[in-house]
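Working through the structure, step by step
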Amino acid sequence: MSCSLFEFCRLQELRTVRDFLFQNQSKESLEEKNQTENELSWDTSDWESGWDNGDNKEEESTSLSKPPGQSQPWLQDCVVSLSPCADLLVVAREQKAVFLSAKWRTDQSGREEMTLAVSWSGTLSTEEGESVSSVIAIPLASQKRSSTGRPDWTCIVVGFTSGYVRFYTESGVLLLAQLLHVDPVLRLKCRTYEIPRHPGVTEQHEELSILYPAALVTIDGFSLFQSLRACRNQVARAAAAGSDVVPPPPLAYKKWGLQEMDTIVDHSSAGVMTLCVFDQMKNASILGGFHASVKGSPPAMSQFVTVGSGPYTGFYYAVEGNSQPLLSHVALAVASKLTSALFNAASGWLGWNKNKSEEEAAQKQKPKVEPATPLGIRFGLPDSRRHGESICLSPCNTLAGVTDDFGRVALLDLARGVTIRMWKGYRDAQLGWLQVQEERGDREFSPSASLPRRHALFLIIYAPRRGILEVWAMQRGPRVGAFTVGKYCRLLYAGYHLMGVNSVTSQGWQLHTQQVCLLDPTTGALRTISIPFHLALSDKKNERAKDMHLLKRLSAVLKSRDVDPDALEREAKSALLEIKHPAIKKQALESLLSNKNAPVSCLTNVTSALHDALKQQDEVETSLLQLCSSHLKLLQLYTDIQQLQSAANTDDSLEGLEEELSRVEPTLQRYAQLSSKPSVSFAQDSPDTPLSAQAFLTQLEVTEDGRVKVNRGSDAEWNQLGNFLFWGCLCGKSPTHKVCDTLQLAGFSPQQLLSLLMSVWLQREKEVLQKPVDTVKQLYTLLIALSNMEGAVEESWDPQSVSPWWQQVRLTCIQSHNAAAALLAALVAHCAAKASITSRADSKLQSEWEAVSMELEQWVVCVRQLEDVLVLQALLLVPSPQGTAGGAVVQCSIKTLLEGGTGGIADSVSKWVFRQNITPERLKEILLSKETEDEKKQKGDGGGAEEKRSHEEADRTAELLLAVCQRFPDSLSPDLLFAHCSWEYVVQWNKDPEVRKCSLTVQISLSDVENSCFFHIQSVLLLVSKLEVNLNMEDKHIFGLKKKLVLFWVLTK
């Protein structure tokens, strides 16, 4: 909602930097101090100990924090420059400089943070008596196509008091040096390429400007970029080859002699501008009078703004293409050369040239300096008592902030040349600009969403005397932020980006630059300012933009993984209560409720607070209030179910199920033994994975009448919700009646609860078979409780008809492939339906009459069918011997068997016989039961323990096969089974003709078929397949013959 000042980097070895820059001064101060102490020393041992307290220690620590002999903090006496990419910091003083480069390290908590560590330190000056007066660090863009906006390397440009300008690499290697003027360099400034945001705006080119006391030098950015790259490559080649570096050619530049201004201390190059026709005619009439001529098109001019005194601010305009010296200036230069030549000749005649050779040698050492082109001031802001100290140009090149010695900060409109605003009480102020782009989400509800995003401009003022950092909205906006900082900080504002970028290479780039940074020398922290865009707006637009900013901030907090739950609750509650627009508030609430890291207590408290706040409003948004109330209801239900899962449950009796369970118990044990195979699964797919509150909310919905509706999603989500609601009850860990009462009060549909219960029961078949008696008890209790719910079993239901409630259970069991769980569910449902029908019949009929119902008969048939399916599934689960071919185990259900027809069961068993590698003789013995008990005992007595085990397993398998045949006497008659087996061997023989065993087995199997019709048809099919295999024929007639024979075979059955 408001501005924020956050730390993004920290300086390392700050004390080392200070000691290196103030090394000489520290030694001189220590020598003076020791000399003074020796001259004025006397014995103070008797009273000095009495004053040795904590105050002295504080003075010692204070003296260590500042260099000796310094009355002001040490950083204020240094020249500091930070690269716009914040990866290089330059600190220089007198002849020395220290470069600090970015490095990444891991703190104690495991987070990675960026630091600036010393990468180079040394002396920069090469001329005697010169010192550093100005420094800037310019990052150069990479020319590679794969670049995404990061700099290739950074060039450090240093200006000296001798007039030299030198260019260095990050490692302190000198690339280029040139003397552009004989006066000291006052200020170095750079301007890089900016993409024009509006049509008609002049495209600004890159430029490096150098200010001298009476001259201004500008270097084209493109030529400078190419020269620096060439010099760097030349230095690298020379270092690799071990040769000397070839001196580079001098840079091309323009030099302007700034006239009609007493003193100049700072400047800004606003770039190329073009006047409108009215301003062109106005300037022509003022400069040339009434008869002045006006050109057809306004000329392009470079605008320079300077600050100093006499006048306080000056505006200079240099017409493009007019950089040659004027004729009068050329004549003056020629006259001065002739005068100096005559004077030298006369001095030679009169004997005045004793040191002529020394002067000529000194002149030869200094390079030739080109004269400056005089440039007159166009206009200025006169104020004889005011002296300007600094000027800071805005990123849009239309505004500038100026500081003076009166403690004022003035805002200039460069297009009109007027002061539009002024602040008082900012002595020694440091200025910076921050341009904020409108977020994409801020214009979502705006009618101008298709237009380009807007930009907001803010002026940053740091007042060191007051120790405060302020943010002001432009142009006449209020103060939108203020921070209390130290009094010895430095506000670092570059005002440029990467050099070497143009309209083509900048497409698709994301420039990672810091516009304004605050350096605190006491802690070494580098902090930047974050300003939301909506602070530049007002009224309704500001409210909507503020809401979007709050939504964005909440989203950022929700994405953080290591956020504290209490802090998350406070942030979410404040954001939701401060958002004004209902649509944005609803979006924020939905994002909070869908966050996986938010705990249930946080969601409940925040939603409850928002619900209470909405109720107190005069104009209530109905949809938002209903959303809050529905989610509060679901969250409370989720909490209640969680609390009930830790309570104990009471056991109920089976009420007549003991006999049924004891009857099917051997088959269940055999099925559980065969189905318990090891398998691999993912942890997130485990049914024991707890259901999160977010998933619970997404699957449930509160209707308008207050009932809870379950939204059917994927099978995994459905089973997970069923596990959360009922698995605790089935395990005996939750009180069944309390859970059912809670669900009934919440408004669940009994039919959906029954579907969830059956899905859980069928899915957790393995866990159910581990304790079948206990789980059956809990299932019976749950079914009775759900049946007694309102809307489960209709009051008008006639027991002589089929009940839709119990028909739903029956259809689920019929369609299930988990035969054991389906059988147990059918037994329980049969018993529960019988109890329900009996109670209804007792109220209508006399007690001596037995209740007979169509529903019970349906259950009897269903239970019988499920028992048959269970035995068949247990047979198909018998593992095949190693080394035999086969496929996956067929999953059976009542539905699949009925849809498969009469031959489906025989087909599945014949494939199982093939996988088990059972010989026709052995299959015939099993089917006809010719093996006597004595032969079984003789086989069991001989051999070792392994043979006995294998014989026992074979006998159990034979008994299981015989039981299946007895349960399906028509589908598994001996002739039909042998016929299917022979056909299965034919299919396998067709796949692999080299296997002779298949053909022999087919012949033996056919010989066991007693039905002559079956025998002849199978023989013909065998011959056709054999002919196809031997001749490798793909004739359609053969396949047609097969189809007709198979059809005839099916009809004869």
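Residues numbered from 1 in each chain as written. Predicted model: local features only at pLDDT ≥ 70, side-chain atom pairs only at ≥ 80, totals over all residues. Heavy atoms only, no water.

The name that an unreviewed UniProt entry assigns to the protein is RAB3 GTPase activating protein subunit 2 (non-catalytic), with the source organism given as Cyprinodon variegatus. According to its UniProt record, the protein has this under Sequence similarities (unreviewed entry): "Belongs to the Rab3-GAP regulatory subunit family." UniProt, in the comment section headed Subcellular location (unreviewed entry), describes the protein in these words: "Cytoplasm". (UniProt positions renumbered as here; feature names shortened; annotations may be inferred.)

1. As for the overall build of the protein
When helices and strands are tallied, the protein shows 32 helices and 31 strands. For the protein, with 1053 residues in total, the buried portion stands at 44%. Residue pairs in contact within the protein that sit at least 24 positions apart in sequence constitute 68% of those at least 6 positions apart. Carbon and sulfur atoms provide 52% of the accessible area of the protein, an area that totals close to 55,900 Å². (Helix = DSSP H or I, 4+ residues; strand = E, 2+ residues; numbered from the N terminus. Buried < 20%, exposed > 50% of the residue type's maximum accessible area, 1.4 Å probe, protein only. Contact = heavy atoms within 4.5 Å. Areas by Shrake-Rupley, 256 points an atom, 1.4 Å probe, with all protein chains shown as cover.)

2. Description of empty space enclosed by the protein
Within this structure, the stated rule accounts for two cavities of 30 Å³ or more. Computed from the structure, the largest cavity encloses a volume of approximately 40 Å³. In terms of lining residues, the largest cavity is bounded by Leu21, Gln23, Asn24, Arg93, Glu94, Gln95 and Lys96. Per-class residue counts for the lining of the largest cavity are one nonpolar, three polar and three charged. The volume enclosed by the second largest cavity comes to roughly 30 Å³. As for the second largest cavity, its lining consists of Leu11, Leu14, Val17, Trp74, Leu75, Leu89, Val91, Leu100 and Leu519. When contributions to the lining of the second largest cavity are tallied by element, the ones reaching two or more residues are helix 1 (14-21) and strand 3 (88-93). For the lining of the second largest cavity, the class distribution of residues is nine nonpolar, no polar and no charged. (1 Å grid on protein atoms, 1.4 Å probe; cavity = no way out; pocket = protein on both sides within 12 Å on 5 of 7 lines; lining within 4 Å. Points joined across faces, edges and corners; volume = space filled by probe spheres on them. Nonpolar A, V, L, I, M, F, W, Y, C, P; charged D, E, K, R; others polar.)

3. Brief notes about the sheet that holds strand 22 (residues 418-423)
In space, the four strands of this open sheet follow the order 19-20-21-22, with antiparallel pairing throughout. Both edges of this open sheet fall to strand 19 (388-393) and strand 22, since each of them pairs with a single strand only. For this sheet, the mean inter-axis angle between neighbouring strands, taken without regard to orientation, is 25 degrees. Here strand 21 (residues 409-413) pairs with strand 22 via five bridges, running antiparallel. Bridge pairing in strand 22 places Ala410 opposite Met422. (Pairing = 2+ DSSP bridges. Axes fitted to C-alpha atoms, helices over the stretch in contact; angles between N-to-C directions.)

4. Some words on the packing of aromatic side chains
Under the definition given, this model contains nine aromatic pairs. Taken together, a centroid distance of 4.6 Å and an interplanar angle of 20 degrees make the contact between Phe315 and Phe379 stacked. Within this pair, whereas Phe315 is found in strand 16 (residues 313-319), its partner Phe379 is found in strand 18 (residues 379-381), the two being separated by 64 residues in sequence. Relative to Phe379, the ring of Tyr317 has its centre 6.2 Å away and its plane inclined at 35 degrees; by these criteria the two rings are tilted. Pair noted here: Tyr317 is in strand 16 and Phe379 is in strand 18, with a separation of 62 residues, a long-range link. (Phe/Tyr/Trp six-rings, centres within 6.5 Å; stacked < 30°, edge-to-face > 60°.)

5. Quick notes on unusual backbone geometry
Gly310 connects to Pro311 through a cis peptide bond whose omega is 0 degrees. Geometrically, the link from Met474 to Gln475 is a cis peptide bond, its omega value of 0 degrees lying close to zero. Looking at the secondary structure, you find Gln475 in the loop between strand 25 (468-473) and strand 26 (479-484). Backbone geometry places Ala86, a non-glycine residue, at a positive phi of 60 degrees. Residue classification places Ala86 among the buried residues on the basis of a relative accessible area of 3%. One non-glycine residue with positive phi stands out, namely Asn397, at about 60 degrees. As for its position among the elements, Asn397 is in the loop between strand 19 and strand 20 (399-404).

6. Looking at the state of the cysteines
Under the counting rule described, the total for this entry stands at zero disulfides. In this structure Cys190 is not part of a disulfide, and its nearest cysteine sulfur, from Cys155, lies 10.0 Å away. For Cys190, a relative accessible area of 11% translates into the label buried. (Disulfide = S-S within 2.5 Å.)

7. A closer look at the sheet that holds strand 6 (residues 132-141)
Strand order in the open sheet formed by four strands is 6-7-8-9, and the pairing between neighbours is antiparallel. Where the open sheet ends on each side, the last strands, each with one partner, are strand 6 and strand 9 (174-179). With direction set aside, neighbouring strand axes in the sheet form an average angle of 15 degrees. Inspection of the sheet shows strand 8 (residues 164-168) paired to strand 9 by five bridges, in the antiparallel sense. Bridge pairing links Tyr168 to Leu174 in strand 9. Along the sheet face, helix 5 (residues 221-241) touches strand 6, strand 7 (151-160), strand 8 and strand 9 and points at about 130 degrees away from the line of strand 9.

8. Describing the environment of Leu960
Mapped onto the fold, Leu960 is located in helix 28 (residues 945-967). Placed 88 residues apart in sequence, Leu960 and Leu872 show a C-alpha to C-alpha distance of 8.4 Å. Once residues lying within four places of it in the same chain are set aside, the contact partners of Leu960 are Arg670, Val871, Ala874, Leu875 and Val878.

9. Notes on the side chain of Glu470
Residue position: Glu470 is located in strand 25. Taking relative accessible area as the criterion, Glu470 reaches 1% and is therefore assigned buried. Looking at Glu470, its side chain comes within polar contact range of the side chain of Trp472, at 3.0 Å. A distance of 2.9 Å separates a polar atom in the side chain of Glu470 from a polar atom in the side chain of Arg479. Apart from the residues within four sequence positions on either side, Glu470 is in contact with Tyr426, Leu459, Ile460, Ile461, Arg479, Gly481 and Ala482. (Polar contact = N/O pair within 3.5 Å; in protein donor to acceptor, adjacent residues only side chain to side chain.)

10. Considerations on the pairing of strand 2 (residues 79-82)
Taken residue by residue, a regular strand's side chains alternate between the two faces of the sheet. Here strand 2 runs beside strand 3; their pairing, made up of four bridges, is antiparallel. Bridging from a neighbouring strand, Leu82 pairs with Leu89 of strand 3. In this antiparallel pair of consecutive strands, strand 2 and strand 3, the connection spans five residues, and Ala86 shows a positive phi of 60 degrees.

11. Some words on the pairing of strand 13 (residues 254-258)
The buried fraction of strand 13 amounts to four of the five residues, a majority that puts the element mostly inside the structure. Where strand 12 (residues 215-220) and strand 13 come together, four bridges link them in antiparallel fashion. Bridge pairing in strand 13 links Leu216 to Trp256. Pairing geometry for strand 13 and strand 17 (residues 373-375), over three bridges, is parallel. Note that in strand 17 the partner of Leu258 across the bridge is Leu375.

12. Topic: the pattern of salt bridges
A side chain with one charge may pair with a side chain of the opposite charge, provided their charged atoms come close. Counted according to the given criterion, the structure contains 24 salt bridges. Linking Asp715 and Arg712 is a salt bridge whose minimum nitrogen-to-oxygen distance equals 3.6 Å. Judged by its relative accessible area of 54%, Asp715 is exposed. With a relative accessible area of 52%, Arg712 lands in the exposed category. Residues participating in the shared-partner salt-bridge network are Arg187, Lys189 and Asp266. (Salt bridge = Lys/Arg side-chain N within 4 Å of Asp/Glu carboxyl O.)

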